[in-house]
Every structure is written in C-alpha cells, then in structure tokens.
Amino acid sequence: MHIPDGYLSPATFSVGYLVAIPLWKKSFNHLKKTLNEETLPLIASLSALSFVIMMFNIPIPGGTSGHAIGAALISILFNPWIGFLSVSLVLLIQAVIFGDGGISTFAINALSMGFVASFSASFIMKLNINTKYKYFLAGWFSAVASSILIAFVLGIQPYIATDGSGKPLFFPFDLITTFYALVGSHILFFGVVEGIFTHFAYKFLTKLEPKFIEQQTINQG
C-alpha cells in the first residue's frame, strides 16, 4: 500500500502533511510518557518486525500493492498513538533508504498505515466482543480500514488533477476500480494475513511476557 512519489497531486499530499504533523506531535508526547527500560526494547522490536513484514509487497491490480502492516499489534500492546508513531518511523526509513513509498506521499502513507490502522484496531478492542478471535478481527479491520483511505486518496486523483484534454496527471484509475482492487484484496487476503499475524503474535507475547502484557492491558483499560 506504499504510495510512491508522482501518484498524488501536490494539493493532496500537502493536506496530508497538514493533518499528520500535529498528530505526530501528539503521538511523540504519548511516546515520551510510555518509554521506560521495559517498554523501549519491545517497541523497538515490534517496529523492526513491522519494517520486515511491510517489505514484502505483493503487486495487485489497480496500480498498487498490498502487505501486512503490524500497526494493530503495537496499538493493542501499547496504544494507537504509539502504533501511529512507530509505523510512521518505519515508513520514513523505507522511503528514504529503500525507496519504498515516496517522500511527498509519506504523510498520507503514515496516516493510512499508521494512524487509521492503529486506531481501527483500538476501536475493535474496545468493543464488547467476547470472542477468542478478537485480536484477529482487530488486525483484519486495521488493514481493511487502512486500504479504504489509500483507495480513496488514489481514486480521487483523476477527478482533481487533469490536463487540458481531461487526462489524469497523476494516479490514473478511478474510485471504483481502485476500491475493487485495493480494498477487495485486503478484505479477502491481506486483512486476513494481518489478522492471523496479530492473533498469533499477541498470543506468543502473552506467553513470553505474561505480567508485562497484563499490565499494559490494565494501563490501557
């Protein structure tokens, strides 16, 4: 879902930065309150894990790609602000060093895969869902919600940026095509992968550090 440079109009990615900057500032304040000798290694490890799984991009029809994110797991273990900032840092490294995602589109990528994914997972966790698949649902929903924002931002480009003949200047596919390709693939495949990853990773960490995970859950509750 990494949007590269050249896919979004300046008007679009400028708005993305205007929205993201104050949110990054708030998430950084949350991080300062959360960091200590116990949380720092886990946050760093989970961010590194997010980096690894996001590097496995699978091309899909509609001019983009899909992959798991890892934001849901960080959001569940800490809070969505930490998830947002962690994924944002991962995306920045990928864009600057590996060219995976653009610099101009960095804010939009961070808002979708960081902010939306993290807060979507947090929303599911706060629902009164008494099921052992709650962590799967949180992961699945986070990926699908993220794909919806990406699909919308890409899909509106042909309507807001065209040349004199009506030809799109940036991303060429319309909303319907983009939604079917991007959101559909995340509902059926990438969201499922994200859900499975979130479920088993959380269960593994619960067994590895039961007291720490329990305390994090109490702090969030």
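Residues numbered from 1 in each chain as written. Predicted model: local features only at pLDDT ≥ 70, side-chain atom pairs only at ≥ 80, totals over all residues. Heavy atoms only, no water.

1. Some points on the overall build of the protein chain
Looking only at helices and strands, the protein chain has 9 helices and 2 strands in total. The order of α-helices and β-strands along the protein chain, N terminus first, is α-α-β-β-α-α-α-α-α-α-α. The 221 residues of the protein chain split such that 50% are buried. Within the protein chain, residue pairs in contact and separated by at least 24 positions form 75% of the contacts whose partners lie at least 6 positions apart. Here the protein chain has roughly 10700 Å² of accessible surface; of this, 70% comes from carbon and sulfur atoms. (Helix = DSSP H or I, 4+ residues; strand = E, 2+ residues; numbered from the N terminus. Buried < 20%, exposed > 50% of the residue type's maximum accessible area, 1.4 Å probe, protein only. Contact = heavy atoms within 4.5 Å. Areas by Shrake-Rupley, 256 points an atom, 1.4 Å probe, with all protein chains shown as cover.)

2. Comments concerning the side chain of S47
Here S47 is to be found in helix α2 (residues 39-54). Among the residues examined, S47 registers a relative accessible area of 15% and is labelled buried. Once residues within four sequence positions are removed from consideration, S47 is found in contact with I74, S86 and V90.

3. Some remarks on the packing of aromatic side chains
For the structure shown, the criterion picks out 13 aromatic pairs. Between F84 and F115, the ring centres sit 5.5 Å apart and the planes meet at 85°, which makes this aromatic pair edge-to-face. Here F84 is found in helix α4 (residues 80-98), whereas its partner F115 is found in helix α5 (residues 106-126), with 31 residues between them in sequence. On the basis of relative accessibility, which here comes to 22%, the residue F115 falls in the partly exposed class. (Phe/Tyr/Trp six-rings, centres within 6.5 Å; stacked < 30°, edge-to-face > 60°.)

4. Overview of the packing of α2 against α4
At a minimum axis distance of 9 Å, the contact between α2 and α4 shows a crossing angle of 50°. If you check the angle between α2 and α4, you find them oblique. In this structure, the crossing between α2 and α4 has a hand that is right-handed. On α4, the residues that touch I43, S47, S50, F51 and M54 of α2 are I82, S86, V87, V90, L91, I93, Q94 and F98. Split into classes, the residues belonging to the contact of α2 with α4 amount to 9 nonpolar, 4 polar and no charged. (Axes fitted to C-alpha atoms, helices over the stretch in contact; angles between N-to-C directions. Parallel < 35°, antiparallel > 145°, perpendicular 65-115°, else oblique. Left-handed = near helix turned anticlockwise from the far one by under 90°. Nonpolar A, V, L, I, M, F, W, Y, C, P; charged D, E, K, R; others polar.)

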